[in-house]
Structure formats: structure tokens, C-alpha cells
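Chain residues, written in single-letter form:
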Amino acid sequence: MIAQENLKLGVKASRNATLALAFLAFLKGAVGIYSGSTVLLADAVHTSLDIFASLAVWVGLKISLKRGGKRFPYGYYKAENIVALFVSLLILFTGVELLKEGFADVNTTSQIGLEGLALTTAVFSVLVIYGLSVYKRNIGTRINSQALITDARHSYTDVFSSMIVVVAILGSMLGISELDSLGVIVISLLIFKMGIESARDAVLTLMDAWLDEEENERIRKNILNVPGLIELEDLKLRKSGLVVFGEATVKVEGETDLKRVELLSEDIKKAVKKEVENLEHIVVNVRPAQRKNLRVALPVLDRNGLQAKISEHIGKAPYFLFVELEEGRVGDWQILENLFSNSEKKRGVKAVDLIVSEKANVLAVRIVSRGPYYMLRENFIKILRIPDGADTVINVLDRFQDLEEITAPME
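Residues numbered from 1 in each chain as written. Predicted model: local features only at pLDDT ≥ 70, side-chain atom pairs only at ≥ 80, totals over all residues. Heavy atoms only, no water.

1. Description of a nonpolar patch on the surface
Together, Val96, Phe192 and Ile196 make up an exposed nonpolar region whose accessible area comes to about 230 Å². The residue isoleucine 196 is located in helix 6 (residues 178-206) in this model. A residue is classified by how much of its surface remains accessible, and isoleucine 196, at 45% relative accessible area, is partly exposed. (Patch = residues over 30% accessible without salt bridge, like charges linked within 9 Å, V, L, I, M, F, W, Y side chains within 5 Å. Areas by Shrake-Rupley, 256 points an atom, 1.4 Å probe, with all protein chains shown as cover. Salt bridge = Lys/Arg side-chain N within 4 Å of Asp/Glu carboxyl O. Helix = DSSP H or I, 4+ residues; strand = E, 2+ residues; numbered from the N terminus. Buried < 20%, exposed > 50% of the residue type's maximum accessible area, 1.4 Å probe, protein only.)

Here it is as C-alpha cells:
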């Protein structure tokens with residue numbers, strides 16, 4: 001199952017990030033004590049707090065791996081969204097604390113011993129945390145994990161706070177300690193903004209809001225391209241952790257049997273998965289309706305337009321005429337050559353492929369064999385029988401309302 005594999009990948013990424021942060025916090029703390037750098041010690045404490053955020057993501061993804069029982073029929077996937085909200089609040093808390101620290105230390109000067117060692121450690125911290133941010137963002141985007149993406153943003157904000165440490169040490173070396181406090185104030189405001197955005201997304205997702213309107217429109221277009229569909233009446237999608245659940249209400253022509261509903265549901269699921277890889281489940285509600293506009297396919301022997309002679313067979317027909325019927329009135333039409341009419345094998349199947357590719361929803365024919373019949377049914381194309389005496393396209397169209405539906409193969 002794709003969702004389970006993605007969750008395992010997310011668990012591995014958050015575990016690696018947690019271990020890397022633990023090492024970095026220890027390193028900065030040790031160098032801070034050895035060099036007497038209070039700003040490096042403070043950053044070590046800050047990184048220690050980040051361990052809890054990364055650990056929370058790890059735990060949240062691990063919980064999401066559990067299979068839901070009777071009490072949680074939709075699984076534990078939303079644990080990941082709850083963790084994303086928790087991490088967002090940590091980002092906000094970090095921004096507030098840095099802002100307070102920046103204003104408190106505006107007029108404070110600091111002296112650091114062993115500045116070279118402290119500066120090297122601070123620069124190394126910036127590079128490692130930036131690498132972690134990119135790593136978590138890439139994995140989070142790949143598996144569509146909101147918690148991991150939010151944690152990546154958290155790490156990205158830590159890049160700036162670590163850069164403040166670099167600036168503070170450089171300022172101490174150059175005797176310009178005010179750079180530290182000014183940098184803290186600017187960066188803390190950026191962190192606060194990012195925290196608000198992350199918290200907003202987490203809350204909206206927990207409330208089953210769909211945040212990507214453009215993606216929603218692409219999904220709707222994919223569904224409307226499913227053969228046999230008259231209208232997409234309603235589409236509801238909601239995220240639950242990495243996975244997506246959905247419900248679609250569609251209209252199809254006439255009554256449908258269980259087999260056709262299953263086929264239609266599978267096609268709609270495939271249409272949604274073109275945009276949403278982690279689709280866990282979608283419920284399809286099918287309602288009968290009557291088409292107002294039809295695209296009718298007719299097998300013909302020549303290219304004489306509406307006066308073309310009707311062919312007795314689908315596969316052997318050298319041409320197909322496609323005509324638009326708009327509320328019973330004849331509209332535009334076109335004639336296409338059947339390139340497979342002289343093929344030795346599967347002529348009927350290849351002819352049906354042409355009919356499906358041209359998005360016809362009705363086929364008028366004298367006889368239809370078993371293979372083409374079931375292909376047409378699977379693609380929700382209505383099959384009408386051309387009666388004796390209707391030898392041209394215009395004759396068929398004149399009697400179109402009286403044509404009987406073919407409900408079984410004829411040979």
C-alpha cells in the first residue's frame with residue numbers, strides 16, 4: 001500500500017532528523033561551555049527544544065502507521081495533522097521568545113572567548129540545520145506529509161536563528177554587538193509569520209478543508225473525461241494525514257447495473273489518482289439522467305456525409321461518421337477513416353478504440369459481436385440497432401428516436 005510505504009519513509013526521515021539534532025545540540029552545548037559563549041549555549045538549548053518537535057513528528061507518523069479498528073474506522077492518519085499543529089505552535093513560541101530576547105538585549109554587549117572555535121561551530125550548525133530542512137522538505141513533499149513539511153519549515157527558521165549566532169560572534173569579534181539584537185528582532189518576525197501560516201494550514205486540514213483549489217479543478221476535469229459520465233454533481237475531498245478520502249456524486253445515462261457502477265467507480269478513482277497519489281478511498285454515488293446532447297457514431301461505406309451508406313459491420317466499415325445531436329437536432333458531423341478495416345485480427349476491437357477515442361456516447365449499428373459489445377458497455381457507450389430499410393445516415397437520424405437499444409451481443 002502506497003500510503004503505508006510513504007509513512008515508513010516519513011518515519012525514517014523524522015528519526016534521522018531527531019538523531020542529527022541531538023548530536024548538534026550536544027556539540028553546541030559543549031563548545032559553548034568550553035568557549036564561554038552564552039549565545040552558543042542559548043542556541044544549544046534552542047536546538048534541544050527542536051528535538052522535541054522532530055520527535056513529535058516521528059511519534060505522529062508512527063501512530064499514523066497503526067491500522068484503525070472499530071473505534072477509528074478511518075485509521076490514525078489525522079495524528080499527523082495534530083502533530084503539524086503542535087509543531088506550528090512551537091514555531092510561534094520560538095518566534096515570540098526570540099523577539100523578547102532581541103528587545104531585551106538591544107543595549108547589551110557580550111564578550112566571547114575562543115571566538116574561532118565558537119564561530120566554526122556556529123557556521124557548522126547553520127549548514128547542518130539547512131541540510132536537515134532541505135532533507136525533510138524533500139521527503140515531506142514526496143510523500144505529501146504536512147507534519148514533515150511543517151517540521152522542515154521549523155528547521156528552516158532555525159537556520160536564521162543559527163545565523164544570528166554567527167552574526168553575534170562576528171559582532172563580538174568586530175566590537176559591534178548590536179547586530180545580534182537587531183538580527184534577532186527581524187528574524188523572529190519572519191518566524192512568527194511562518195508559524196501562523198503553518199498553524200492555519202494544520203487547523204484547516206483538521207477541519208477537512210481542501211486547500212488547493214487549482215488541484216481540485218484539475219481533479220474535476222479528469223473525472224469529467226471519464227467515458228459515460230454526463231455530469232459531476234458533487235465532489236468532496238479531505239486530507240487525513242498523508243492520505244485523502246473522497247466522495248463523488250455523478251450522473252450517467254439511464255439505469256446502470258452493479259458491474260457498470262463498479263467500472264465507473266474504478267475509472268473515477270483512477271482519474272482522481274492522477275492528481276492525488278495517496279488516495280485511500282473514494283465513494284462514488286451514481287444517479288441516472290438523460291443526455292440532452294449526444295455524439296453518435298455510425299459505421300459507413302463512403303464519405304458522402306449524411307447521405308453515406310451504412311456498413312453492416314463495425315470492424316469492416318472503411319469509415320465512421322460522428323454526428324452531434326443537440327436536443328434531437330443534427331449539428332456538426334465529421335467522417336474519419338477506419339485504418340484497421342482490413343486488419344486480419346481484432347478489427348472490431350480496434351474500431352471500438354476509435355469510437356472511444358472520439359468520445360462518442362452512442363453507437364448506431366446493425367449487428368455487434370461479443371468482444372466489441374462488452375468493450376462498448378465498459379466505456380458506457382449506448383448501442384442502438386439500425387432497423388432494416390434505414391440504408392443511409394440521414395435515414396437513421398430521421399428514425400433515431402425509435403431505435404431500440406441492443407442489450408446483448410448479436411453474434
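2. Quick look at the sheet that holds strand 4 (residues 293-300)
Read across the open sheet, the 6 strands follow the order 6-5-4-7-8-9; overall the sheet is mixed. Unpaired on one side and paired on the other, strand 6 (329-337) and strand 9 (404-405) mark the two borders of the sheet. Bridge count between strand 5 (residues 319-326) and strand 6: 7 bridges; the pairing is antiparallel. Bridge assignment links phenylalanine 322 to a residue of strand 6, and that residue is glutamine 334. Of the strands in this sheet, strand 4, strand 5, strand 6 and strand 7 (362-365) touch helix 9 (residues 347-357), which is tilted by about 35° from strand 5. (Pairing = 2+ DSSP bridges. Contact = heavy atoms within 4.5 Å. Axes fitted to C-alpha atoms, helices over the stretch in contact; angles between N-to-C directions.)

3. Some details on the sheet that holds strand 1 (residues 229-240)
Strand order in the open sheet formed by 3 strands is 1-2-3, and the pairing between neighbours is mixed. Every interior strand has two partners, whereas the edge strands, strand 1 and strand 3 (279-289), have only one. Across the sheet, the axes of successive neighbouring strands diverge by a mean angle of 15°, strand direction being ignored. For strand 1 and strand 2 (residues 243-253), the ladder comprises 10 bridges, and the chain directions are antiparallel. Pairing of leucine 237 across the sheet is with glycine 246, part of strand 2.

As far as function goes, none of this settles anything; it's purely spatial.
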